[in-house]
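# Fold and contact review
Listed below, chain by chain, are the residues.
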Amino acid sequence: MKLQEYHAKRLLQAQGLPVSDFAVAANPTEVRSAAARFLGAGATRVVVKAQVLVGGRGKAGGVKLASTAEEAAALAAQILGMDIKGTTVRRVLVAPGAEIVAEYYLACVLDRSSRRVMFMASAEGGVEIEVVAAERPDAIKYMHAHPLLGLLDYQARALAFDIALGAHLRDFVAIAKGLFATMMANDADLVEINPLGIVRTTASDGSTSDRLECLDAKVTIDDSALPRHPELERMRDLDEEDPVDVAAREQGLSFIKLDGTIGCMVNGAGLAMTTMDLIKRAGGEPANFLDVGGGAKADKVAAAMRLILADPNVRSILVNIFGGIARGDEVARGLVEARSMQERHVPMVVRIVGTNADLAAQILATAGDPDVQTAATLDEAVDKAVAVANQVQAAGASA
Ligand code: GDP
Ligand code: MN
């Protein structure tokens, strides 16, 4: 789950990381008063930032600086409601505008291949890291944290020198360790600061001092860990999630949309993957991964069917259920119920084995739907589903 910048910054603040004070606002009036507060407290400018879960907000015009509260409100009026890469801006973050001397990049991610937390750092911050990685891969430096001890001070110092931040060694070490702490405390799989800025403050006598500050923050939480972080679950932004994902989660279904034409309904992640492999081997393309889970009840099966049919590319549906805890008759009832409610009748091939498979066969036979075929083996089911999908496609092409 991706967090909005303002949520991510709160998690950083909770670990003691240097993040400026900020406010979140949903209309220009709120922006005006937040801006007035920061300007009154000594800021010379304020920054107004669109809160959307996509990168490159700056380039898209979603990050603007203002010198007065009025100007901030006017900029907010432009930014709120703006479309950034298909997402409508509903909230903005308002903060004292930093005087940035230089922009760096620092992130830690879960590196699955090394099974450790990996730090990535670069002196080329502010731009998208994918661009740096593609054009100047040497500009990104890497460091793996110790699995038990975390990022050790000497490692953090080495990373600082690697990106020419030796002048801010103490700040950098604290920030890098803070990112690791943020990751651990929240079961995050990414904590990214871009830019990590060298920020200048000018005192009334004209003297200046520089320090590191987290100017942007991106945090993603491991979805599987969310059950133990109800406070993070509440940060979920439903406005920015695909309605299909929201529906799947509400039903406890694990559903991933793919590009093919054969909808899959399977119980068990391993069986679902096997089913997809066999579809591919038979020359078909799965339209989705869907694990209805163990003990699937009729209503869950019906909900799964709706998710599959929401995809207009689906030309046939393959139901592959191994009845263990899940009962075949329950699944069959759900399928019949789901089909009775559908406007779009997509051909379906059903293979149900295990608990109450015979009852399941009876229920499907009694329903007498001409578009539903059954299969005794998985190979047979896959062949039929692929053949039907191809027929439908050919018919569609000639029509
Ligand atoms: P992103 O484009 O979505 O990654 O949004 P960022 O928060 O990274 O902002 C984009 C750019 O705006 C940064 O790289 C900075 O150059 C600039 N920016 C952001 N905050 C400030 C600020 O407080 N002061 C100044 N001068 N520039 C800022
Ligand atoms: Mn950024």
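Remember, predicted model here, so these are calculated numbers, not experimental data. Counting from 1, residues in each chain are numbered in the order their sequence is written. As they are written, the chains are lettered A onward and the ligands numbered 1 onward, keeping that order. The predicted nature of this model means local features are confined to residues of pLDDT at least 70 and side-chain atom pairs, given and counted, to a pLDDT of 80 or more, with totals for whole chains, interfaces and linings taken over all residues. In computing side-chain values, all of the structure's heavy atoms are included and hydrogens and water are not.

### Focus on the packing of aromatic side chains
Put simply, the rule is: Side-chain rings of Phe, Tyr and Trp (the six-membered ring for Trp) are treated as a pair once their centres are within 6.5 Å; stacked means planes under 30 degrees apart, edge-to-face means over 60, and tilted covers the remaining angles. By definition here, charges over rings are those cases where NZ of Lys or CZ of Arg is within 6 Å of the ring centre and within 35 degrees of the ring normal.
Counted under the stated rule, the structure contains 0 aromatic pairs. Sitting over the ring of Phe-38, Arg-37 keeps its end group 4.8 Å from the ring centre.

### Considering the coordination of the manganese ion (ligand 2)
What counts is decided by this rule: Donor criterion used throughout: N, O or S atom within 2.8 Å of the metal, extended to 3.2 Å for Na, K and Ca. Water excluded; incomplete-looking sites may result. Starting at the N terminus, helices and strands are each numbered in turn, a helix being any DSSP run of H or I of at least four residues and a strand any DSSP run of E of at least two. Only protein chains enter the accessibility calculation, which uses a 1.4 Å probe. A residue is then buried if its area is under 20% of the maximum for its type, exposed if over 50%, and partly exposed in between.
The protein atoms that coordinate the manganese ion (ligand 2) are Asn-194 (O) and Asp-216 (OD), at distances of 2.2 Å. Here Asn-194, found in strand 10 (residues 188-202), pairs with Asp-216, found in the loop between strand 11 (208-214) and strand 12 (218-221); they are 22 residues apart in sequence, far enough to count as distant. Pair check on accessibility: Asn-194 and Asp-216 agree, each one buried.

### Focus: the nonpolar core
Heads up, the rule is: We call a set of buried Ala, Val, Leu, Ile, Met, Phe, Trp, Tyr and Cys residues a nonpolar core when their side-chain atoms join them within 4.5 Å. Residue ranges for the domains originate in an automatic or database domain assignment.
If you look at the biggest cluster of nonpolar residues, it comprises 46 residues, and the most contacted ones within it are Leu-12, Leu-106, Phe-119, Leu-165, Phe-172, Leu-179 and Leu-196. If you tally residues by element for this core, the top one is helix 6 (residues 169-186), at 7 residues. Both domains that meet at this core, namely domain 1 (1-19 + 99-237) and domain 2 (21-97), each give it at least three residues. Among the nonpolar cores identified, the runner-up in size contains 32 residues, and Leu-290, Ala-302, Leu-307 and Ala-332 belong to it.

### Some remarks on the side chain of Thr-275
As a reminder, the rule being used: Contacts are assigned to residue pairs with any non-hydrogen atoms lying within 4.5 Å of each other.
Relative to the helices and strands, Thr-275 resides in helix 9 (residues 269-281). Not counting residues within four places of it along the chain, the set of residues in contact with Thr-275 comprises Val-266, Leu-318 and Asn-320.

### A look at the packing of helix 11 (residues 328-340) against helix 12 (residues 357-367)
Note the threshold: Each axis is a line fitted through C-alpha atoms, and for a helix only the stretch in contact is used; angles between axes span 0 to 180 degrees, taken between their N-to-C directions. For this classification, under 35 degrees means roughly parallel, over 145 means roughly antiparallel, 65 to 115 means roughly perpendicular, and everything else is oblique. If you view the pair so one helix is near and one far, a crossing is left-handed when the near helix is turned anticlockwise from the far one by less than a right angle, and right-handed when it is turned clockwise.
Their axes nearest at 7 Å, the elements helix 11 and helix 12 cross at an angle of 20°. The pairing of helix 11 with helix 12 is recorded here as roughly parallel in orientation. With respect to the hand of their crossing, helix 11 and helix 12 are arranged in right-handed fashion. Between helix 11, through Gly-328, Asp-329, Ala-332, Arg-333 and Val-336, and helix 12, the contact on the second element is made entirely by Leu-359, Ala-360, Ile-363, Leu-364 and Ala-367.

### Let's talk about the site of ligand 1
Rules: We call a residue near a molecule or strand when any one of its heavy atoms sits within 4 Å of it. Pairing of N or O atoms within 3.5 Å defines a polar contact, subject to two protein rules: one partner must be a possible hydrogen donor and the other a possible acceptor, and residues neighboring in sequence count only if both atoms are side-chain atoms. Methods summary: accessible areas were calculated by the Shrake-Rupley approach with a probe of 1.4 Å, and residue burial reflects only the protein chains presented.
Not every one of the 16 residues close to ligand 1 is listed here, only the nearest: Lys-49, Arg-57, Gly-58, Ala-98 and Glu-103. At 2.7 Å, a side-chain N or O of Arg-57 approaches an oxygen atom of ligand 1. Calculation on ligand 1 without its partners gives an accessible area of 560 Å², and the protein chains cover 81% of this total. Of all the elements in the fold, those that place two or more residues in the shell around ligand 1 are strand 2 (46-50), strand 3 (63-66), strand 7 (99-111) and strand 10. Shared between two domains, the shell around ligand 1 takes at least three residues from each, and those domains are domain 1 (1-19 + 99-237) and domain 2 (21-97).

### Some thoughts on the domain arrangement of the protein chain
In terms of domain boundaries, the protein chain breaks down into domain 1 (1-19 + 99-237), domain 2 (21-97) and domain 3 (243-398). Using only C-alpha atoms to locate each centre, domain 2 and domain 3 end up separated by 47 Å.

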